[in-house]
Amino acid sequence: MAEPLIEYPAGDPFPGVIGRTLETSSPAWPARPRPPAGAPNVVIVVLDDVGYGQLSAFGGLCETPTLDRLAERGLRFANFHTTALCSPTRGCLLTGRNHHTLGLSAITELSLGFPAHNGTMGFEHGFLSEILVQQGYNTFAVGKWHLTPPEATTAAGPFDRWPLGRGFERFYGFMGGDTDQWHPDLVHDNHWVRQPSTPAEGYHLNADLADHAIDCIKDAHVAAPDKPFFLWFATGAGHAPHQVEPEWIERYRGRFDMGWDEYRRIVFERQKALGLLPAGTELSVRDPDVEAWDELSDDAKRMYTRQMEVYAGFISQTDHHIGRVLDFIETIGELDNTIVIAVSDNGASAEGGEHGTRNEGLFFNLAPETLEDNLEVIDEWGSEDTFNHYSWGWTWAGDTPFRRWKRETYRGGITDPCIISWPARIDARGEVRQQYTHAIDVLPTVLDAIGLEPPSHIRGVAQSPIQGTSMVGAFADAAAPSAHVTQYFEMFGHRSIFHEGWKAVCPYPGPSLAEGAERGHPFGTYLTEAILDRLEAEDWELYHVDEDPAECHDVAAEHPERLAELVALWWSEAERAGALPIATGDITRLLARRPAVGGHRKVYEFYPGGSPIPFTAAPRPYNRSHRIAARVTLPAGGAEGVLLTHGNRHGGYSFYVQGGRLHYVHNHLGLDRFTVSSEVEVPEGDALLAVEIEVTGGPDFGKGHGSPAAVRLYHGDQLVGTGALPHTVPNLFAVVGVSCGHAAYDSVDPTRYLAPFAFTGTIHTVVLDLSGELTPHPAAEMTRLMTQQ
C-alpha cells in the first residue's frame, strides 16, 4: 500500500525537504479541505411569498406531493418564523444573523446610509456557502438571489456580492426580486444569458431551474461521487407573476368556488388534524380589508376563483420540479443522507390589492386596477400575456389561521412553513415540532448536524457572532425546550417581539387599507402615508401566543406590566442587533441619495449585443423629454431589427427598423400600444436614425398615466415621421431592463416582432439622452421598490 501523502495547512511553512535534486528532497502538499466523515449533503429549498395555510403539507389546498412526502420522511416545524420580507429572510437563512445586523432592514433597493439599512452585507457575516466550501463541499445556488446591492448587479459588477463572490461555485437564476416565468432575466455564474428556449417550445423558468440544479449535482457527482454538496434552491414561486402552463391550472378548475371564507375554515380544520396548532387555537377573525365572499358579485367570484386556480397550479408545478431535483438525488443514492430544509421567506403577499391585478406593473405605477379590467383577460390569466397577482382575500386565506400578511409582523407575515428531512439521522417520521424557531436558526442547525463549529475567520476576515440557535435538539425529542426564547421583529416600522410565550406588537396606525382606498389612496400610497406617524403612536398590543397562537385576544389592558417589559425588551434587542434608527417605508426613504452605477448621469451610450442593463440600474426616461440616436450602417437591400428597447410585453418602448421603415412603439402597461412610423424608407449606407420624445403636458398620476408626449422620427436632420403619445408609463415599464441591437428578454409588441429580433445591419453606437426636465412620481416609485421582494 502506498504511503499517504504528507500534507500541511495553507500558510504554514513547507514541512518537506528541498534539496538540490529530487533524490535528496522529500515532498509535502498543501492540505485540501475535507468534510467530516459521512458528512451529509444539504439542500435548502426557499419558496417565495407562500403563506402558512397554502401548502398541503401544512393543511393548505395547494397540492404539494413532493413536500408532503418530505414531511412524512421528516419533521414539520410548526412554529417557524421569518422577517416578513424576502431579502432580509434570505440573509438570515444564509448567515445565522438578524437582518438588521446584516444591513438588510428591507430589500437592497431601499438602502440608507446606516449600518442597519445599507443593503451591503459585510464579509464579517459569513454565508453558509462560504463555510461549507472551505470544508470540502461543492456549493450551488439556483433560482432567486436578491442579496446584491442594485448598483452592483450590472455587467460592470463588482461581483464580490454576487453568489460566486459569497462562496457558491456555480449559479443559475435571477438577481432581482421577481422575474417573468416565461421570459426571465437570467444570469449564469457572473454573466447574463438568454433563456434556452421559448414558451412555444415548452419553456418555463421552474423547469429550467430544476434542470440546472440537477446538472450541478450530476457534474460534481460524476467527477467526485464521495464529495458532499450544498444546494440553495430558491424558486420564484409563489411570488407574482403567477404564471404556469394551462394543464396545471385546469386540475384546479372549480376547486375554489367555495371562496376564501370557507377555504379558511377547511384549512383550519386540516391544520388541527395534522397537529400543527396547539389545542384551543382559535381562527383569527375577518380581516377588515377583505370583503365577505357571500357579499361579492358573481363576476367577482368568477374572477377571484380563477386567480386562486392559477396560483394553486403554479405552486403544484413548482412542487413537481422540486421533486425532480430530489428524485435525482435519490437516483444517485444520496437522498437519505441529505438534509433537506424547505421554507417560505415570508407570509403570503397582499400586493395584488383588493381585486388582484392582470399586470403587476399597474401596481408599481399606482394605476387603477379594476375588476372589469381583470375580467377582460380571465382566460389568459397566468399566461405569458399577463403578469398577474391574486386578490388580497386569498392572501388572508393563505395565511390561515393567522391575521395579516407579508410586510407586517403579526404572525400572518412572519410565521411560515418549515420542513426538515434527513432520514439517515432523523428517526422520527411525519411528526410535528412546536419549538419556537427562526430563520437565523437554519445555519447553526446545519453546522451542528454536520459537526462543524462556526469559523472564527473566513478568507482572513474575523467573523461576527452567530445569533441563531441550533434546532438539532428537537430532531429526536418533541418535548425538547425551545432553544430560541426571544426574538424581535421590525419591518418598515411595524414591530413586535416574542419572549417566553408572549408577544407584543406595534402595528401600523390609521385606517385599514380598504378604508384608505375609499379615501382615494391606492394600496402603495396608503403604505407610504400611513406609516409617517406610526413611531409616535407607540400603540402596542399584547398576546399570550402560547395560549392564543392566532393573536385573537389583545390582553394589553390586563397585563400592563408585562407589556411594558416586552416593549423595553424590544428596544434593547433592537439595539443589540443594530436595528436602529428605525426606518419606515415613507417617501423620505425613497428620496434618500444612494450609490448609483456609473454615477447619476443623463447620457447613456450603448453598443450592440452583449448583456442588457438590469431594470434596477436602467436609465429612467419616464415623464421627461428624451432622445435616442443610433449611428448605423445599412447594407444593400436594407436591414431590420431592434436598435434600442426597454421592457417587455407588459410595458416598455422599442426603437426599431422593420419593413424598410423606422418605428417607435410605446407600450403602456400592456393596456395600450402607441406606434409611430416613418413616412419614408430608411436609406442604405451610413445613417443617423433618431427619435425625439417631447413631453407636452403634465402627468395624470391618479389614472396611472405619465406625461403625454410628441414623437418625432429622423433620418439625420430630416424629419420623417411624427405622432403623439396620449399618455406614457409614469414610473416603471417592467421588471426587465435595456438592451441594444436585440430584444434581450421579450418583445414590447409581440404583434410586430418576436424576440430577439436582432438588428441585421451594423450598429456603431446608440445614445440615449435624458437631459429633459423630470416630473417625478415619488409615491409610485416607493411602491415599485417596496414590491421588488
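Coordinates for the structure precede this section.
Residues numbered from 1 in each chain as written. Predicted model: local features only at pLDDT ≥ 70, side-chain atom pairs only at ≥ 80, totals over all residues. Heavy atoms only, no water.

S.K.: Would you explain the overall build of the protein in this entry?
M.R.: Across its full length, the protein holds 19 helices and 32 strands. In terms of overall dimensions, the protein has a C-alpha envelope of 85 × 80 × 50 Å along the principal axes. Here the protein, with 789 residues, has 62% of them falling under the buried criterion. When the accessible surface of the protein is split by element, carbon and sulfur atoms take 53% of a total near 28,000 Å². Computed over 59 positive and 104 negative side-chain charges, the inter-centroid distance for the protein is 3 Å. (Helix = DSSP H or I, 4+ residues; strand = E, 2+ residues; numbered from the N terminus. Buried < 20%, exposed > 50% of the residue type's maximum accessible area, 1.4 Å probe, protein only. Areas by Shrake-Rupley, 256 points an atom, 1.4 Å probe, with all protein chains shown as cover. Lys, Arg positive; Asp, Glu negative; His and termini not counted. Charge placed at Lys NZ, Arg CZ, Asp CG, Glu CD.)

S.K.: Any chance you could explain the environment of Pro401 here in plain terms?
M.R.: Residue position: Pro401 is located in the loop between α10 (392-398) and α11 (411-414). Between the C-alpha atom of Pro401 and that of Ala550, which follows or precedes it by 149 residues, the distance is 6.1 Å.

S.K.: Is there a simple way to think about the packing of helix α1 (residues 65-72) against helix α7 (residues 298-331) in this case?
M.R.: How two helices sit against one another is set out by the angle between their axes and by the gap between those axes. α7 packs onto α1 with a crossing angle of 50° between their chain directions and a minimal axis gap of 8 Å. Taken together, α1 and α7 sit at an angle that is classed as oblique. Residues Pro65, Thr66, Leu67, Arg69 and Leu70 of α1 touch α7, and the partners they reach there are Asp319, Ile322, Gly323, Leu326, Asp327 and Glu330. The class makeup of the residues in the contact of α1 with α7 is five nonpolar, two polar and four charged. (Axes fitted to C-alpha atoms, helices over the stretch in contact; angles between N-to-C directions. Parallel < 35°, antiparallel > 145°, perpendicular 65-115°, else oblique. Contact = heavy atoms within 4.5 Å. Nonpolar A, V, L, I, M, F, W, Y, C, P; charged D, E, K, R; others polar.)

S.K.: Is there a simple way to think about the packing of aromatic side chains in this case?
M.R.: Geometrically, a pair of aromatic rings is defined through the distance of the ring centres and the angle of the planes. The tally for this structure, following the rule as stated, stands at 29 aromatic pairs. Look at Phe168 and Phe230: their rings are 5.7 Å apart centre to centre, the planes differ by 35°, and that puts the pair in the tilted class. Taken together, the residues span a long stretch of sequence, with Phe168 in the loop between β6 (138-144) and β7 (170-174) and Phe230 in strand β10 (residues 229-234) at a distance of 62 residues. For the pair Phe168 and Phe230, one class covers both residues: buried. Considering the side-chain rings of Tyr263 and Trp394, the 5.9 Å spacing of their centres and the 80° angle between planes classify their relative orientation as edge-to-face. Of the two residues, Tyr263 is situated in helix α6 (residues 259-274) and Trp394 in helix α10; the sequence distance between them amounts to 131 residues. On the accessibility criterion, Trp394 (1% relative accessible area) is buried. (Phe/Tyr/Trp six-rings, centres within 6.5 Å; stacked < 30°, edge-to-face > 60°.)

S.K.: Help me understand α6 in this model?
M.R.: Residues spaced three or four apart along an α-helix point in a common direction, a consequence of the helix completing one turn every 3.6 residues. With 16 residues, α6 ought to run about 22 Å at 1.5 Å a step, and its terminal C-alpha atoms sit 22 Å apart, in line with that. Of the surrounding elements, those touching the buried residues of α6 are α7 and α10. Positive phi shows up at Gly275, right after α6, with a value of about 80°. (Expected span 1.5 Å × (residues − 1).)

S.K.: I tried to follow the nonpolar core on my own but got confused; where do I start?
M.R.: Generally speaking, soluble globular proteins have nonpolar side chains that are buried together. Judged by nonpolar contacts, the single largest core of 82 residues is most densely connected at Ile217, Leu231, Phe233, Trp260, Tyr304, Val325 and Trp394. At 14 residues, the largest contribution of residues to this core is made by α7. Each residue touching Val325, except ones within four places of it in the same chain, is listed here: Ala210, Ala213, Ile214, Ile217, Leu231 and Phe233. In this structure, Leu94, Met121, Val343 and Ile458 belong to the second largest nonpolar core, which totals 50 residues. (Core = buried A, V, L, I, M, F, W, Y, C linked by side-chain atoms within 4.5 Å.)

S.K.: Even after reading the chapter, I still don't get the sheet that holds strand β32 (residues 762-769), so can you show me in this structure?
M.R.: Strand pairing within a sheet occurs via backbone hydrogen bonds; the two strands may be parallel or antiparallel. Ordered by their spatial adjacency, six strands build an open sheet running β22-β32-β23-β28-β29-β30, and the pairing between neighbours is antiparallel. Two strands lie at the open edges of the sheet, namely β22 (603-606) and β30 (718-725), each paired on one side alone. Taking the axes of each pair of neighbouring strands and ignoring which way they run, one obtains an average angle of 15° across the sheet. As defined by bridge partners, strand β29 (residues 709-715) adjoins β30 across seven bridges and the pair is classed as antiparallel. Bridging across to β30, Ala709 finds its partner in Leu725. (Pairing = 2+ DSSP bridges.)

S.K.: Help me understand the pairing of β6 in this model?
M.R.: In regular strands, side chains alternate between the two faces of the sheet. Judged by how many residues are buried, β6 sits mostly within the fold: seven of seven residues are covered. Bridging between β6 and β10 involves six bridges; their strand directions are parallel. In the sheet register, Gly143 faces β10, and the bridge partner there is Ala234. Looking at chain direction, β6 and β7 are connected through five bridges and run parallel. Within β7, the position partnered with Phe140 by the bridge is Arg170.

S.K.: It is not clear to me how the sheet that holds strand β25 (residues 651-658) should be interpreted in this structure. Could you clarify?
M.R.: Pairing is antiparallel across the open sheet formed by five strands, whose spatial order is β27-β26-β25-β24-β31. At either margin of the open sheet sits one strand with a lone partner, and together these are β27 (672-677) and β31 (738-740). Ignoring which end each strand starts from, the neighbouring axes of this sheet average 10° apart. Two elements, strand β24 (residues 641-648) and β31, share three bridges in a ladder whose sense is antiparallel.

S.K.: Would you mind showing me how to read the pairing of β7 here?
M.R.: A large share of β7 lies buried, amounting to four of its five residues. Across two bridges, β7 lies against strand β8 (residues 186-188) in antiparallel orientation. Across the sheet, Tyr172 pairs through a bridge with His188, a residue of β8.

S.K.: What's the story with the packing of helix α4 (residues 205-223) against α7 in this structure? I'm lost.
M.R.: Look at α4 against α7: their axes get within 9 Å of each other, and the N-to-C directions meet at 15°. With respect to their mutual orientation, α4 and α7 come out roughly parallel. The interaxial crossing formed by α4 with α7 has right-handed handedness. From α4, Asn206, Ala207, Ala210, Asp211, Ala213, Ile214, Ile217 and Lys218 reach across to α7, where they touch Phe314, Gln317, Thr318, His321, Arg324, Val325, Phe328 and Ile329. Here the contact of α4 with α7 is built from residues that sort into nine nonpolar, four polar and three charged. (Left-handed = near helix turned anticlockwise from the far one by under 90°.)

S.K.: Even after reading the chapter, I still don't get unusual backbone geometry, so can you show me in this structure?
M.R.: In most cases, non-glycine residues show a negative phi, while peptide bonds are predominantly trans. For the bond running from Ala240 to Pro241, omega is 5°, close enough to zero to count as cis. Here Pro241 shows up in the loop between β10 and α5 (246-250). Residue Pro401 is reached from Thr400 by a cis peptide bond, and omega for that bond is 10°. Of note in the backbone geometry, Asn623 takes a positive phi value of approximately 55° without being a glycine.

S.K.: Where do I start with the side chain of Asn388 in this structure?
M.R.: As for its placement among the helices and strands, Asn388 is situated in the loop between α9 (371-375) and α10. Within the local environment of Asn388, its side chain forms a polar contact with the backbone oxygen of His242, the two atoms lying 2.8 Å apart. A polar side-chain atom of Asn388 sits 3.2 Å from a polar atom in the side chain of Thr386. Residues contacting Asn388, with those up to four places away along its chain left out, are Ala240, Pro241, His242, Gln243, Val310, Thr357, Arg358, Trp381 and Gly382. (Polar contact = N/O pair within 3.5 Å; in protein donor to acceptor, adjacent residues only side chain to side chain.)

S.K.: Hey, could you run me through the pattern of salt bridges in this one?
M.R.: Two side chains with opposite charge may pair up if their charged atoms get near one another. This structure, assessed with the given rule, holds 41 salt bridges. Salt-bridge contacts for Glu692 lead to Arg712; the nearest nitrogen and oxygen are separated by 3.5 Å. One end of the pair, Glu692, is in strand β28 (residues 685-695); the other, Arg712, is in strand β29, with 20 residues separating them in the sequence. Look at Arg712 and you get partly exposed, because its relative accessible area is 22%. A single salt-bridge network, built from bridges that share partners, covers Asp48, Arg90, Lys144 and Asp345. (Salt bridge = Lys/Arg side-chain N within 4 Å of Asp/Glu carboxyl O.)

S.K.: How should I be thinking about α1 in this particular structure?
M.R.: Looking only at α1, the buried set comprises Thr66, Leu67, Leu70 and Ala71. Summarising the axial view, the buried residues of α1 lie within an arc of 135°, below the 170-degree limit, and thus occupy one face. Packed against the buried residues of α1 are β3 (41-47), β4 (74-77), α7, β11 (338-344) and β13 (418-421). (Arc of directions from axis to C-beta.)

These figures come from the coordinates and say nothing about function on their own.
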